[in-house]
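Each chain, written out:
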Amino acid sequence: DVLLKQADIALYKGKDAGRNTIRFFDNAMQTALDARAGLESRLHQALTHKEFRLFVQAQVNTDRELIGAETLIRWQPPGEAMVPPDDFTPLAEETGLIIPIGEWIMRAACIDARRWQQRYSLPLRISVNLSPLQLRQPNFVGLVASIIEETGVPAHLLDLEVTESISVKSIPNL
């Protein structure tokens, strides 16, 4: 069983590297696989236990007037240092966890935008970065509409963005 598992790991590493490659199993492959599985499990827990935090970065115009905010997600595991998005977003994309995480981000951002509007009479735009996976969901438009309705944020205050680097990576053969 162990030998077949190791051969399978080497096979998938070879496939990941492209055609006509050979990979021999080494313990680093198993260590990386175990770490990835652990991180995936922790990401599921993070979503369930509400360990994600939404931060906002101010957006200003050329006159330095506040015109909106961009959302930034961070993961705060209990008793640990904050995890930057570069450390978990690729895995969230690969596993499809980006769909529920993205929904949470959009909802939290809309709640914040509505709160600013009510508390401070500030109709600030809120920008949310999207994953191409979210855009491919058949219910994406309906989801956005329901979040807007649920939170009461005016639709014109929600900016949905797909970053260029993500867009280029999602186009085949580039």
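You'll find the structure just up there.
These figures come from a predicted structure and were not determined experimentally.

(A) The pattern of salt bridges, seen in detail. Scanning all chains against the criterion turns up five salt bridges. As a salt-bridge pair, Arg42 and Glu80 come within 2.8 Å of each other at their nearest N and O atoms. Of this pair, Arg42 sits in helix H2 (residues 27–48) while Glu80 sits in the loop between strand E2 (66–75) and helix H3 (89–95), placing them 38 residues apart in sequence. The partly exposed category is assigned to Arg42, whose relative accessible area is 30%. One salt bridge connects Arg107 with Glu103, and the closest N-O pair in it is separated by 3.2 Å.

(B) Here's a closer look at the layout of surface pockets. Size it by volume and the second largest pocket reaches roughly 220 Å³. Around the second largest pocket, the lining residues are Ile9, Tyr12, Lys13, Asp16, Met29, Ala32, Leu33, Arg36 and Glu94. Grouping the constituent residues of the lining of the second largest pocket by class yields five nonpolar, no polar and four charged.

(C) Spatial organisation of the nonpolar core. With 33 residues, the main nonpolar core has Leu43, Phe52 and Leu158 as its most contacted residues. Looking at this core, the elements that each hand over two or more residues are H2, strand E1 (52–60), E2, H3, helix H4 (98–120), strand E3 (125–129) and helix H6 (140–151). Top contributing element to this core by residue count: H4, with nine residues. The contacts of Leu43, once residues within four sequence positions are left out, are Phe52, Trp75, Phe88, Leu91, Ala92 and Leu97.

Rules of the game
Residues numbered from 1 in each chain as written. Predicted model: local features only at pLDDT ≥ 70, side-chain atom pairs only at ≥ 80, totals over all residues. Heavy atoms only, no water. Salt bridge = Lys/Arg side-chain N within 4 Å of Asp/Glu carboxyl O. Helix = DSSP H or I, 4+ residues; strand = E, 2+ residues; numbered from the N terminus. Buried < 20%, exposed > 50% of the residue type's maximum accessible area, 1.4 Å probe, protein only. 1 Å grid on protein atoms, 1.4 Å probe; cavity = no way out; pocket = protein on both sides within 12 Å on 5 of 7 lines; lining within 4 Å. Points joined across faces, edges and corners; volume = space filled by probe spheres on them. Nonpolar A, V, L, I, M, F, W, Y, C, P; charged D, E, K, R; others polar. Core = buried A, V, L, I, M, F, W, Y, C linked by side-chain atoms within 4.5 Å. Contact = heavy atoms within 4.5 Å.

Purely spatial values, then, with no claim about function.
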